[in-house]
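# Summary of structural features
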Amino acid sequence: RRIEVRIPPGARPGRRIRLPGQGAAGAGGRGDLYLEVQVAAHPRYRLEGADVHLDLPVAPWEAALGAKVTVPTLGGDVSLPIPAGSQGGRRLRLRGRGLPGDPPGDQYVTLRIVTPPADTDAARAVYERMARDLPFDPRAGW
């Protein structure tokens, strides 16, 4: 038979939900049914406890110069300031934007710098100018 169940907001994986009188019949009447919450994988978010993790693609100029970007959260989109000089892998926290609860979780946004392709003459020229004009060696600290 089908049973409609209300999952409480912020229910984490492994939480047990008791449904009194919905289990198998026994000598003393119907028993209780226990459900264990499982959370399906999401293509964009990862769940760690009450915290939600998201990899955010940013352009190199957004990371270098700073920017405000729109970030999806469980409660809707928010504007997130990217500090100037950010590097790939930097984690930014959106306090209280994880799973609801007491206390609510946070959302962690990890910056992933995505470089534009050099598939046109103009794009190649920009990359060549950067290679020539910027004194930058990404392996200098090795």
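These lines cover the structure that appears in this document, whether it is placed above or below. Fair warning: this is a prediction, and the values are worked out from it, not measured in the lab. Here the residue numbers are simple positions, counted from 1 along each chain's written sequence. Totals for whole chains, interfaces and linings use all residues, but because this is a predicted model, local features are given only for residues with pLDDT of at least 70 and pairs of side-chain atoms are given and counted only at 80 or more. To get the side-chain values, all heavy atoms of the structure are used, and hydrogens and water are removed first.

## What about the overall build of the chain?
Rules: Helical segments are the DSSP runs of H or I of at least four residues, strand segments are the runs of E of at least two, and each set is numbered from the N terminus. The classification of residues rests on relative accessible area computed with a 1.4 Å probe and restricted to protein chains. Under 20% of the type maximum is buried, over 50% is exposed, and intermediate values are partly exposed. Here, residues are in contact when the closest pair of their heavy atoms is within 4.5 Å. Method for areas: the Shrake-Rupley scheme with a 1.4 Å probe, in which residue coverage is limited to the protein chains shown.
A count of helices and strands for the chain gives two helices and ten strands. Each helix (α) and strand (β) of the chain, taken in turn from the N terminus, gives the series β-β-β-β-β-β-α-β-β-β-β-α. Residues classed as buried in the chain amount to 25% of the 142 residues present. Look at the contacts in the chain between residues 6 or more apart in sequence, and 38% of them connect residues 24 or more apart. When the accessible area of the chain is evaluated, it comes to approximately 10,200 Å², of which 53% is carbon and sulfur surface.

## Side note on a nonpolar patch on the surface
Where we set the bar: Patches draw on residues past 30% relative accessible area with no salt bridge. Two like charges within 9 Å are joined, as are two nonpolar side chains (Val, Leu, Ile, Met, Phe, Trp, Tyr) within 5 Å. By convention in these notes, a salt bridge is any Lys or Arg side-chain nitrogen within 4 Å of a carboxyl oxygen on Asp or Glu.
A contiguous nonpolar surface patch, about 410 Å² in accessible area, is contributed by Val126, Met130, Leu134 and Phe136. Following the sequence through the fold, Met130 ends up in helix H2 (residues 121–133). According to the relative accessible area criterion, Met130 is partly exposed, its value standing at 40%.

## Digging into the packing of aromatic side chains
Rules: Between the rings of Phe, Tyr and Trp (Trp by its six-membered ring), a pair exists once the centres lie within 6.5 Å; its type follows the angle of the planes, with under 30 degrees stacked, over 60 edge-to-face, and the other angles tilted. The rule for a charge over a ring is simple: NZ of Lys or CZ of Arg within 6 Å of the ring centre, and within 35 degrees of the ring normal.
Under the criterion given, the structure shown has zero aromatic pairs. The positively charged end of Arg16 is found above the aromatic ring belonging to Tyr34, 4.4 Å away from the centroid. The cationic tip of Arg91 hangs over the ring face of Tyr108; the distance from NZ or CZ to the ring centre is 4.4 Å.

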